[in-house]
Amino acid sequence: MPCVPGLSAGTKRLCVDTEYYATFNRDNVTLVDLRKAPIEAITPHGVRTRDAEYEVDSLVFATGFDAMTGALLNIDNRGRRANAEG
């Protein structure tokens, strides 16, 4: 179960990587609570929040991704009569 209040298991994309949690303990990783210090700007060197600026090598915009049903719902399933209704 997630340790974050208000989040339930299975309601967010589940990470199945075995090193997921170990990543947070790396020296080059900083966890930022964006609810307490929202992003104010993307700068030439990184990201500036209300509290600090963080230099980054790369920035990934993850604004939403349908990892569970997206591909499945886009399969062109057809019945024995080869029509979309089945």
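Rules used throughout
- Residues numbered from 1 in each chain as written.
- Predicted model: local features only at pLDDT ≥ 70, side-chain atom pairs only at ≥ 80, totals over all residues.
- Heavy atoms only, no water.
- Pairing = 2+ DSSP bridges.
- Helix = DSSP H or I, 4+ residues; strand = E, 2+ residues; numbered from the N terminus.
- Buried < 20%, exposed > 50% of the residue type's maximum accessible area, 1.4 Å probe, protein only.
- Contact = heavy atoms within 4.5 Å.
- Phe/Tyr/Trp six-rings, centres within 6.5 Å; stacked < 30°, edge-to-face > 60°.
- Polar contact = N/O pair within 3.5 Å; in protein donor to acceptor, adjacent residues only side chain to side chain.
- pLDDT = per-residue confidence, 0-100.

**Here we look at the pairing of strand β1 (residues 39-42)**
Stage number 1. As judged from the 3 bridges shared by β1 and strand β2 (residues 46-49), these two strands associate in the antiparallel manner. When the sheet's bridge partners are listed, Ala41 is paired in β2 with Arg48.
Stage number 2. Remark: 3 residues form the turn of the hairpin made by β1 and β2, two consecutive strands paired antiparallel.

**A closer look at the pairing of β2**
Looking along a regular strand, one sees the side chains alternate between the two faces of the sheet.
Stage number 1. Bridge count between β2 and strand β3 (residues 53-55): 3 bridges; the pairing is antiparallel. Each bridged residue has a counterpart across the sheet, and for Arg48 the counterpart in β3 is Glu53.
Stage number 2. Taken together, β2 and the strand that follows it, β3, pair antiparallel across an intervening segment of 3 residues.

**Concerning the environment of Val47**
Stage number 1. The topology assignment puts Val47 in strand β2.
Stage number 2. Take Val47: its relative accessible area is 11%, and that puts it in the buried class.
Stage number 3. Sequence spacing of Val47 and Leu59 is 12 residues, and the spatial spacing of their C-alpha atoms is 8.6 Å.
Stage number 4. Each residue touching Val47, except ones within four places of it in the same chain, is listed here: Ile39, Ala41, Ile42, Ala52, Glu53, Tyr54 and Leu59.

**Focus: the packing of aromatic side chains**
Stage number 1. Scanning all chains against the criterion turns up 1 aromatic pair.
Stage number 2. An angle of 55 degrees between the planes, with centres 6.4 Å apart, marks the rings of Tyr21 and Phe24 as tilted.

**Side note on the side chain of Thr43**
Stage number 1. Here Thr43 is to be found in the loop between β1 and β2.
Stage number 2. Note on Thr43: relative accessible area 16%, which makes it buried.
Stage number 3. Engagement of the side chain of Thr43 in a polar contact is seen with the side chain of Glu53, the distance being 2.6 Å.

**Overview of the confidence of the model for the chain**
Stage number 1. For the chain, per-residue confidence averages 77 on the pLDDT scale, and 64% of positions sit at 70 or higher.
Stage number 2. Least confident of the elements in the chain is helix α2 (residues 70-73), whose mean pLDDT is 70; most confident is β2, at 96.

**Here's the deal with the environment of Thr49**
Stage number 1. With respect to the element layout, Thr49 can be found in strand β2.
Stage number 2. Separated by 12 residues in the primary sequence, Thr49 and Ala37 place their C-alpha atoms 5.7 Å from one another.
Stage number 3. Filtering out sequence-adjacent residues up to four positions away, Thr49 remains in contact with Val32, Leu34, Ala37, Pro38, Ile39, Glu40 and Tyr54.

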